[in-house]
Amino acid sequence: MARVAPDGAQQIISTAVLDHLGPWLKAYGHRANLTLLTEAEWPVSLGDYQQFWCLAGSSLALVITVERQSSPGELAMVQMLTTHRAVDGWLERLQATLAADQLPAMWATLRRNLGETSPAAQAEFMLAWLEFCAQASQNSTCEPVQARLDQQLERSLLLNQVVTKIQGSLDLSVILQTTVAEVREFLQADRLLIYQFEPGPGHHPAQDCHPEAAWKHPSRSPIGKGAEGYIAYESLAQTDIPSVLHHSEQYCFNKLPGGCDRYWRGETLVVEDVISTYSHIPCLSKFLQQAGVKSKLVSPILVGHHLWGLLIAHQCQHQRHWQPWEVEFLRHIAEHLAIAINQAQLYQQLQQQTQNLEICVVERTQDLRDALVAAQSANRAKSDFLATMSHELRTPLTYIIGMSATLLRWSLGDLSQRQRDYLTTIHTSGEHLLSIINDILEVSKVESGRVTLELRPFSLTSLSRQSIDAFRAEAIGRGIDMSLDLKLAPDQDDFVADPRRVRQILSNLLSNAVKFTPDRGKVILRVRRDHHGVVFHVEDTGIGIPETAQALLFEKFQQLGNVRQREYSGTGLGLALTQQLVDLHGGSIKVISHVGVGSVFTVRLPLHPLPEAVSPPTPSGKEPVGGRIVLVEENEETANLICDMLTAADYQVIWVMDGSRVLDQIDLLQPAALILTLDLSDGDSFEMIGALRQKVSYLSLKILALVDPQIAGQGDRARQSGATDTLDKPVDPKQLVSMVNHLMSSTVLELDSQET
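The shown structure was predicted, so the numbers you read here are calculated from the model rather than taken from an experiment.

Procedures and definitions
Residues numbered from 1 in each chain as written. Predicted model: local features only at pLDDT ≥ 70, side-chain atom pairs only at ≥ 80, totals over all residues. Heavy atoms only, no water. Helix = DSSP H or I, 4+ residues; strand = E, 2+ residues; numbered from the N terminus. Buried < 20%, exposed > 50% of the residue type's maximum accessible area, 1.4 Å probe, protein only. Contact = heavy atoms within 4.5 Å. Areas by Shrake-Rupley, 256 points an atom, 1.4 Å probe, with all protein chains shown as cover. Phe/Tyr/Trp six-rings, centres within 6.5 Å; stacked < 30°, edge-to-face > 60°. Pairing = 2+ DSSP bridges. Axes fitted to C-alpha atoms, helices over the stretch in contact; angles between N-to-C directions. Salt bridge = Lys/Arg side-chain N within 4 Å of Asp/Glu carboxyl O. Patch = residues over 30% accessible without salt bridge, like charges linked within 9 Å, V, L, I, M, F, W, Y side chains within 5 Å. Parallel < 35°, antiparallel > 145°, perpendicular 65-115°, else oblique. Left-handed = near helix turned anticlockwise from the far one by under 90°. Nonpolar A, V, L, I, M, F, W, Y, C, P; charged D, E, K, R; others polar. Expected span 1.5 Å × (residues − 1). Bend = angle between axes of the 7 residues up to and from the residue. pLDDT = per-residue confidence, 0-100.

Focus on the overall build of the chain
Part 1 of the reasoning: Each helix and strand counted, the chain has 21 helices and 22 strands in total.
Part 2 of the reasoning: Within the chain, the fraction of its 756 residues that count as buried is 44%.
Part 3 of the reasoning: Within the chain, contacts between residues separated by at least 24 positions form 68% of all contacts whose residues are at least 6 apart in sequence.
Part 4 of the reasoning: As displayed, the chain has an accessible area near 39600 Å², and 53% of this comes from carbon and sulfur atoms.

Considering the packing of aromatic side chains
Part 1 of the reasoning: Tallying each qualifying case throughout the model produces 12 aromatic pairs.
Part 2 of the reasoning: Relative to Phe 132, the ring of Trp 24 lies with its centre 4.9 Å away and its plane at 20 degrees, an arrangement referred to as stacked. Linking Trp 24 in helix 1 (residues 15-31) with Phe 132 in helix 4 (residues 119-136), this pair joins segments that are 108 residues apart in sequence. When sorted by exposure, Trp 24 lands in the same class as Phe 132, which is buried.

Notes on the environment of Val 66
Part 1 of the reasoning: Residue position: Val 66 is located in strand 4 (residues 61-67).
Part 2 of the reasoning: Note: C-alpha distance between Val 66 and Gln 50 (16 residues apart in sequence) is 5.6 Å.

Some remarks on the sheet that holds strand 19 (residues 652-656)
Part 1 of the reasoning: Here we have five strands laid out as an open sheet, ordered 19-18-20-21-22, and parallel in their pairing. In this open sheet, the two strands that pair with only one neighbour each are strand 19 and strand 22 (725-728). Each neighbouring strand pair of the sheet contributes to a mean axis angle of 20 degrees, computed without reference to strand direction.
Part 2 of the reasoning: On top of the sheet, helix 18 (residues 662-669) reaches strand 18 (628-632), strand 19 and strand 20 (673-677); it is set at about 170 degrees to strand 18, its chief contact.
Part 3 of the reasoning: Lying on the sheet, helix 19 (residues 685-693) is in contact with strand 20 and strand 21 (702-707); it crosses strand 20 at an angle near 160 degrees.

Points about the side chain of His 585
Part 1 of the reasoning: Along the polypeptide, His 585 turns up in the loop between helix 16 (574-584) and strand 16 (588-594).
Part 2 of the reasoning: Since its relative accessible area comes to 1%, His 585 is described here as buried.
Part 3 of the reasoning: The residues contacting His 585, other than those within four sequence positions of it, are Leu 453, Ala 497, Asp 498, Arg 501, Val 502, Leu 605, Pro 606 and His 608.

Considering the pattern of salt bridges
Oppositely charged side chains can form a pair if their charged atoms are brought close together.
Part 1 of the reasoning: Here the structure, examined in full by the defined rule, presents 16 salt bridges.
Part 2 of the reasoning: The closest approach of N and O atoms between Arg 526 and Glu 539, which form a salt bridge, is 2.7 Å. One end of the pair, Arg 526, is in strand 14 (residues 522-529); the other, Glu 539, is in strand 15 (residues 533-540), with 13 residues separating them in the sequence.
Part 3 of the reasoning: Within this structure, Asp 485, Lys 487, Arg 526, Arg 528 and Glu 539 form a network of salt bridges that share partners.

So, the sheet that holds strand 15
Part 1 of the reasoning: Taken in spatial order, the five strands of this open sheet run 12-14-15-17-16, and their pairing is mixed. Edge positions in the open sheet fall to strand 12 (481-487) and strand 16, since each of these has one partner strand only. Between one strand axis and the next, the sheet turns by 10 degrees as a mean value, whatever way the strands run.
Part 2 of the reasoning: One ladder, built from seven bridges, connects strand 12 with strand 14; its direction is parallel.

Brief notes about the environment of Ser 59
Part 1 of the reasoning: In this fold, Ser 59 is placed in the loop between strand 3 (49-56) and strand 4.
Part 2 of the reasoning: In this structure, the C-alpha to C-alpha distance between Ser 59 and Leu 114, residues 55 residues apart in sequence, is 8.2 Å.
Part 3 of the reasoning: Here Ser 59 is in contact with Glu 116, Thr 117, Ser 118 and Ala 121, once residues within four sequence places are set aside.

Details of a nonpolar patch on the surface
Part 1 of the reasoning: On the surface, Leu 170, Tyr 347 and Leu 350 cluster together to form a nonpolar patch covering roughly 270 Å² of accessible area.
Part 2 of the reasoning: Turning to its location among the elements, Leu 170 is positioned in the loop between helix 5 (143-167) and helix 6 (172-187).

Considerations on unusual backbone geometry
Part 1 of the reasoning: Its identity as a non-glycine residue notwithstanding, Asn 33 has a phi of 60 degrees, on the positive side.
Part 2 of the reasoning: Among the secondary structure elements, Asn 33 is positioned in the loop between helix 1 and strand 2 (35-38).

What about the packing of helix 15 (residues 499-515) against helix 16?
Packed helices, taken two at a time, are described by the angle between their axes plus the distance between the axes.
Part 1 of the reasoning: One can describe the packing of helix 15 onto helix 16 by two numbers: an axis separation of 9 Å at closest approach and a directional angle of 150 degrees. Looking at the two axes, helix 15 sits roughly antiparallel to helix 16. Here helix 15 and helix 16 pass one another in a crossing that is left-handed. Between helix 15 and helix 16, the contacting residues are Arg 501, Gln 504, Ile 505, Asn 508, Leu 509 and Asn 512 on the first element and Gly 574, Leu 575, Leu 577, Thr 578, Leu 581 and Val 582 on the second.

Some points on the pairing of strand 15
Part 1 of the reasoning: For strand 15, a buried count of six out of eight residues is recorded, marking the element as mostly surrounded by other parts of the structure.
Part 2 of the reasoning: Note: strand 14 against strand 15, seven bridges, orientation antiparallel. Along strand 15, the bridge assignment pairs Leu 525 with Val 538.
Part 3 of the reasoning: Counting the residues that bridge the hairpin from strand 14 to strand 15 gives three residues.
Part 4 of the reasoning: Bridging between strand 15 and strand 17 (residues 598-606) involves eight bridges; their strand directions are antiparallel. Paired with Glu 539 across the two strands is Val 600, which belongs to strand 17.

Regarding the packing of helix 18 against helix 19
Part 1 of the reasoning: Relative orientation of the contacting elements helix 18 and helix 19 amounts to 35 degrees, with a least axis distance of 10 Å. Relative to helix 19, helix 18 is oriented so that their crossing is right-handed. In contact with Val 662, Leu 663 and Ile 666 of helix 18, helix 19 contributes Met 688, Ala 691 and Leu 692.
Part 2 of the reasoning: By residue class, the composition of the contact of helix 18 with helix 19 is six nonpolar, no polar and no charged.

Some words on helix 14 (residues 460-477)
Part 1 of the reasoning: For helix 14, built from 18 residues, the straight-helix expectation of 26 Å at 1.5 Å per residue is met to within 8% by its first-to-last C-alpha distance of 27 Å.
Part 2 of the reasoning: Along helix 14, the sharpest change in direction is near 40 degrees and occurs at Phe 471.
Part 3 of the reasoning: Among the residues of helix 14, Leu 460, Thr 461, Ser 462, Leu 463, Ser 464, Gln 466, Ser 467, Ile 468, Phe 471 and Ala 475 are the ones counted as buried.
Part 4 of the reasoning: Looking at the packing, one finds that the buried side of helix 14 touches strand 11 (456-459), strand 12, strand 13 (494-497), helix 15, strand 14 and strand 15.

With respect to the confidence of the model for the chain
Part 1 of the reasoning: The predicted model of the chain averages 78 in pLDDT, with 79% of residues at 70 or higher.
Part 2 of the reasoning: Within the chain, the lowest mean pLDDT, 35, falls on helix 8 (residues 213-216), and the highest, 94, falls on strand 15.
Part 3 of the reasoning: Considering only residues more than four positions removed or in separate chains, one finds that residues 1-6, a stretch of pLDDT under 50, has 18 contacts.
Part 4 of the reasoning: Note that residues 210-227 has pLDDT below 50 and, in this model, 26 contacts with residues that lie over four places away or in other chains.

Right under this line is the structure:
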């Protein structure tokens, strides 16, 4: 086997120490979990070596060899290899002495465990080595070894210190400036600098320096004419040494034999005599003479796949013989600088991306603000438009509907059948158009938050029957079986909610059920109560809704189905408004539907507390004299008109829809006046008036009866039953307020006379 070139430390130790070296290395390897190979495991004799030990692990690799002595003596020459490259090369040369089938069984484990030596592990071994030498021999034969090991330990500690500083910062300028200063001081070099390449337009020097560049770009020189650079960082040992900082020139790479390939492989260039080495390269020789350089070391800085720059040490006072450890030390520094530069570049890219992202966020936020302002402006414009349309469309539609109805009922002459059909079409179309406008306005009010619930107790039975009756005529005309299924206990009929809104919810659902159910189909309204609230089920045997379309069911202006199904009229606002009204009550609405089978809409409304306005009066409380009025009216529009007018006149009005429970409500509320319509569907108004007058406690109760002037004698009959006065329908608002004021004033006078 050929002799290994020196790439480590050579020491002289006594044979007494050598006798204990093998057992100590074995024990150290076991303690540090290292694989140990010795000459005892090697099948053939190695002529140059008397003994060797190879320790390999994930963080430490070293080889200790003892050369055979020409004559026996008390001293032995020991060589120690401590770098990964040196140990790996030594093992390759050792492997070459045997065939593959002759290698020891442990050889594969040894090569697999061979890792890069860390400065910490190397320093730990050196300290243990010094302690071993001190304990194994008491004479001075170990002192040269200790001196060399002290130097090696110092170098390892410095390398670790420099690497720690490099890794502790992301500021590239700080990293590079710190590195050149400390490395120059440790190497005792006259000048240490970093030469950074600046790629020319369109390519990078590393592209030209790549081993494949020659056949990819045959016209290019090894480094390329565009591969210029400059000296970016410099550290000088003395002030009289000329500075070359920021110097920029062609380094004549194309004239250096094998220079590009050497740098690409990461090898360090060692030049001990620049004059003789570069005598054939005038441009480089001239620059080095001007800078006063006698000897130099050059290590490439390879960042990724690019030759980023060079780490260069200059000796200017005299020629210098560079030690192997100095070469290895500079190479390690260049490798760690490459890692630091790569990290700094990635950090700069991250910072740039962060800044770009922040700019994008600011721009996007501003776009969203602009869009919000535009949306708010559009919403205000929509509200203004709807308010205008409310007046401009509803007023003429009211005249159209009213006059067409008047002509149908009280025409001044005989109407032909065609004329009557035309008037009927006008009247029906006007009502339909008014219904559409009302739906649009209602949705707009709910979305803008201008709709509040008017909670009051009402009868679920009465409201459900009225909702069914509103569509019964249409259902009968088409042969649809329409029924009401009530499952309510006697104490479950009363419910607190907004009855007008609840009736609107049921009307929308029932209207759709009748509309989309074929002739001779079936529609059922089921009403249930539980401890959470009330549940309405609207079932039909209609065309059904595809499962894929059910997600859009409650969206505004959505009418599901294909072109054939567009035969069903509607704006697509009914279910959207229903959803909003249910949400206002804090309830929920769901649908289960199958195409060709039918649909079931389920509405759940929670319980609400009884409003204070209709709470039973306490015996100790004093009600405002003559201030409370009970209104019994089934027509919602008439009731709303009366409530609005009397409330504006500072009266407290309580609307009762269920005529069958009027007497109980009056016993509970004790009103000063009662306004009662005479055409109740669930009770005899005349009997109610007579029953009230038969009780002594209600003799002073003022009763205002709303009569139909087309029914002869209805007003006289009401007075005979006990009504205080009558008012014709449709109600004139001014006449209503005037008559109520008169009745309430007479009540106050009667109470005052009784107290006197």
